[in-house]
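# Reading the structure
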2 protein chains.
Amino acid sequence: MKAISILGSTGSIGCNALKVVEHLGDYRVVALGAGRNMAKLAEQTARFQPELVSVENEDCAETFLREFHKLGGGAAPKIETGEKGLIAIATHEAAETIVSATVGAIGFVPTLRAIEAGKRIALANKETLVMAGELMTKAAAASGAELLPVDSEHNALHQCLRGETKKEVKRLILTASGGPFRTKSRLEIENATREQALNHPNWKMGDKITIDSATLMNKGLEVIEARWLFDFPAEEIGVVVHPQSVVHSMIEMVDGSIIAQLGVTDMKHAIQYALTFPERQPNCLEPLDFRKISQLTFEEPDMEKFPCLALAYKALKIGGTMPAALNAANEIAVQAFLDDKIRLSEIPKIIEFVMNRHQPQPVSNLEIVLETDAQARKNAIISLEKSALATKI
Amino acid sequence: MKAISILGSTGSIGCNALKVVEHLGDYRVVALGAGRNMAKLAEQTARFQPELVSVENEDCAETFLREFHKLGGGAAPKIETGEKGLIAIATHEAAETIVSATVGAIGFVPTLRAIEAGKRIALANKETLVMAGELMTKAAAASGAELLPVDSEHNALHQCLRGETKKEVKRLILTASGGPFRTKSRLEIENATREQALNHPNWKMGDKITIDSATLMNKGLEVIEARWLFDFPAEEIGVVVHPQSVVHSMIEMVDGSIIAQLGVTDMKHAIQYALTFPERQPNCLEPLDFRKISQLTFEEPDMEKFPCLALAYKALKIGGTMPAALNAANEIAVQAFLDDKIRLSEIPKIIEFVMNRHQPQPVSNLEIVLETDAQARKNAIISLEKSALATKI
């Protein structure tokens, strides 16, 4: 039995991770961390019987206990709250593998602690590497922690790179679906509703990442993530728009050969890969059926229509704390869009405002990153208020 | 300097192999074997100065010398003839790598001798494995010879398999362009001219293999070849028609993941890979440009319209000497088609006639294979004469 903890168990990745664990059979869930979805966490707790759960605050803890007892699940687990709770889950002594699947910056410190504790990290929380890739990868090198990417693109790159020598890889090629606005005009994107932006053509994911997919910021964050996961410079990480999302990503070798990973669009594949690596095991998914693939197409991303992607490349090239500032500004802006406070097209403007105000510094310690994050959020809110005022939403 | 010999140097693969050797720079060509194209061999000899050349017979040798002296190339190399000559090339003491690129059964014994001598074999002569895969792979295991496939499909499979564990591979998927008659009706195929059949949509290759591509026998022979190169049973080797020939082949893993190799349609890629493996080196080809790929499509092969593919699977499942009989019958039938003696649709009929008359035996030694080959050719000629008589060509 392998022991596993999940940070963000009630989210899309977390729920899928539990399905994978059930399918694989030889896993014991020792700890679950959730935010506010207490009904779901109670259900998961009754089913998987973790020793420890973590919730956002004391109110949530009460709600959790009420929901848990409603299910008649027997003895309640130990309950912790807030970041302290997530850190307890991330560093739980028994857990060999931590699924890091919280959304946004909240998972940052707990994931770092798990890395320092030498765990295997099934990493879905991309902010971790975007905010402080250098810190994280140095900590992993020091502790021997393994970082296994759970998003489909980096997971695909990990698979493609298995048999190859790094110096013979010319570039990484991330595929992007292009999101729901790929074929739309600038004006249509400007006026896109929350519902339109949340209507991703291929993937069922959480709200934040779905909006990031609509702006292509998701791909930008993935470029930054790839830089740290695989140690390639920005110039050697390309993006190709591939609307069918069948090819999950590719690598180009020095001899011109392209190695690609293809599969169904279900996160359970990447999650299972990260758990069982270096082994592969049969999973519970339908295999890719080539008879059903009518066609695969590829096109270049339009950086003018989707300025978030260009901003992410820019932040990566500037380096230091700039990607952390970009990430924080994006989180604030996306939440504002989800709250109907701004238009979709304001998101890159807010990020640009924050980046222009940010003086990048080397990522030498955790404090600098957290300070950057806090300052960028403040500046994002300043920009947001200006936008909201201007557009009178 | 690495030393290399080429069997079939004046053919399509041979000429490309010499271009790759020139590009790589650190190779010495020690021996060249050709058939009857003496002008080309003389030119190659003047340029690469091998110690030894082999030609079909004494008349060819005279022609070669005349052509060679016309070029003022200095001292002539040692000249040998016939199978003995090809064997001398295949086992040349100085040669570390042998490119086995003769067309048809003629390369069979020389390639076996090179395998027994423990050389690295860059294998383009697919008949070698089709006729006697078991003998060849046993000989390679005994001598430590490495078999590196040079045709694009198996080369792609070799690349895909680099980082994987065999027991985790569910199946190999060979892609097939579908040839020039993919979208044609049975009647159109029946009445196809030599020129139509030689007009391959994606690949520039020799005549024999181009006809095999038109009948899908080429894919059938590749299925048999894959069985021996990678040790997978027929049931675990699939074929997908992919008319654009961008995806050169794929593997499906037990977890449903597909690993694919994509590239430009130029044999020089696979040849260079086979020479430099396990290293990859920059080559002289334009990289694959995703902006130029309008679409990639996939469909199932039509075994009724292309019975040669079904016959190859059948021969592989029967096993023993049956694939050798299929191969011999196909060679006779294709030559007859190229000589305008039969229609394209007679090719599978001749093969079926030969297979029905053949009593398969275990491939326990070389003689059995050669005997099968000879007997199958005789039977193919019998069938051919019947067909020719019937169609009054």
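Values in this document were obtained by computation on a predicted structure and should not be read as measured data.

## Quick look at the sheet that holds strand E10 (residues 247-253) of chain A
Taken in spatial order, the eight strands make up an open sheet running E9(A)-E8(A)-E10(A)-E11(A)-E11(B)-E10(B)-E8(B)-E9(B), and their pairing is mixed. Taken across any chain shown, the strands that pair with only one partner, and hence form the sheet edges, are strand E9 (237-241) of chain A together with strand E9 (237-241) of chain B. On average, adjacent strands in this sheet sit at an angle of 25° to one another, irrespective of strand direction. Bridge count between strand E8 (residues 169-176) of chain A and E10 of chain A: five bridges; the pairing is antiparallel. Across the sheet, Leu-172 of chain A pairs through a bridge with Ile-251 of chain A, a residue of E10 of chain A.

## Observations concerning the interface of chain B and chain A
Every contact between the two is made by 39 residues of chain B and, on the other side, 40 residues of chain A. It is Asp-255, Arg-280 and Phe-290 of chain B in chain B that bury the most area against chain A; as a group they hold 22% of the surface buried on that side. Among the salt bridges present, the one from Arg-280 of chain A reaches Asp-255 of chain B, with a minimum N-O distance of 3.0 Å. At the boundary of chain B and chain A, one finds 20 residue pairs in polar contact (both at pLDDT 80 or more). Residue composition of the side of chain B that touches chain A, grouped by class: 18 nonpolar, twelve polar and nine charged. Bridge count between strand E11 (residues 258-262) of chain A and strand E11 (residues 258-262) of chain B: five bridges; the pairing is antiparallel. The residue bridging Ile-259 of chain A from the neighbouring strand is Gln-261 of chain B, located in E11 of chain B.

## A look at the confidence of the model for chain A
Residues at a pLDDT of 70 or more form 98% of chain A, whose mean pLDDT is 94. Overall fold confidence (pTM) sits at 0.94, and the ipTM for the predicted complex is 0.93.

What counts, and where the lines are drawn
- Chains are numbered independently. Their residues run from 1 in the order of the written sequence.
- By the order in which they are written, chains take letters starting at A while ligands take numbers starting at 1.
- A pLDDT threshold of at least 70 governs which residues receive local features in this predicted model, and a stricter bar of 80 or more applies before side-chain atom pairs are shown or counted, although totals over entire chains, interfaces and linings include all residues.
- The side-chain numbers reported here are obtained from all heavy atoms of the structure, hydrogens and water having been left aside.
- Two strands are said to pair when DSSP picks up at least two bridges between them.
- Helix numbering and strand numbering both begin at the N terminus, where a helix is a DSSP run of H or I of at least 4 residues and a strand a DSSP run of E of at least 2.
- Here an angle of 0 to 180 degrees is reported between the N-to-C directions of two axes, which are lines fitted to C-alpha atoms, with helices fitted over the stretch in contact.
- Contacts are assigned to residue pairs that have any heavy atoms within 4.5 Å of one another.
- Buried area: the accessible area, evaluated with a 1.4 Å probe, that two parts lose upon being put together, summed over both parts.
- Think of a salt bridge as a Lys or Arg side-chain nitrogen and an Asp or Glu carboxyl oxygen that are within 4 Å of each other.
- Each polar contact in these results corresponds to two N or O atoms within 3.5 Å; when the atoms are within protein, one needs to be able to donate a hydrogen and the other to accept it, and residues that are neighboring in sequence are counted only if both atoms are side-chain atoms.
- Nonpolar residues are Ala, Val, Leu, Ile, Met, Phe, Trp, Tyr, Cys and Pro. Charged residues are Asp, Glu, Lys and Arg, and all others, Gly as well, are polar.
- What pLDDT reports is the predictor's confidence in each residue, on a scale of 0 through 100.

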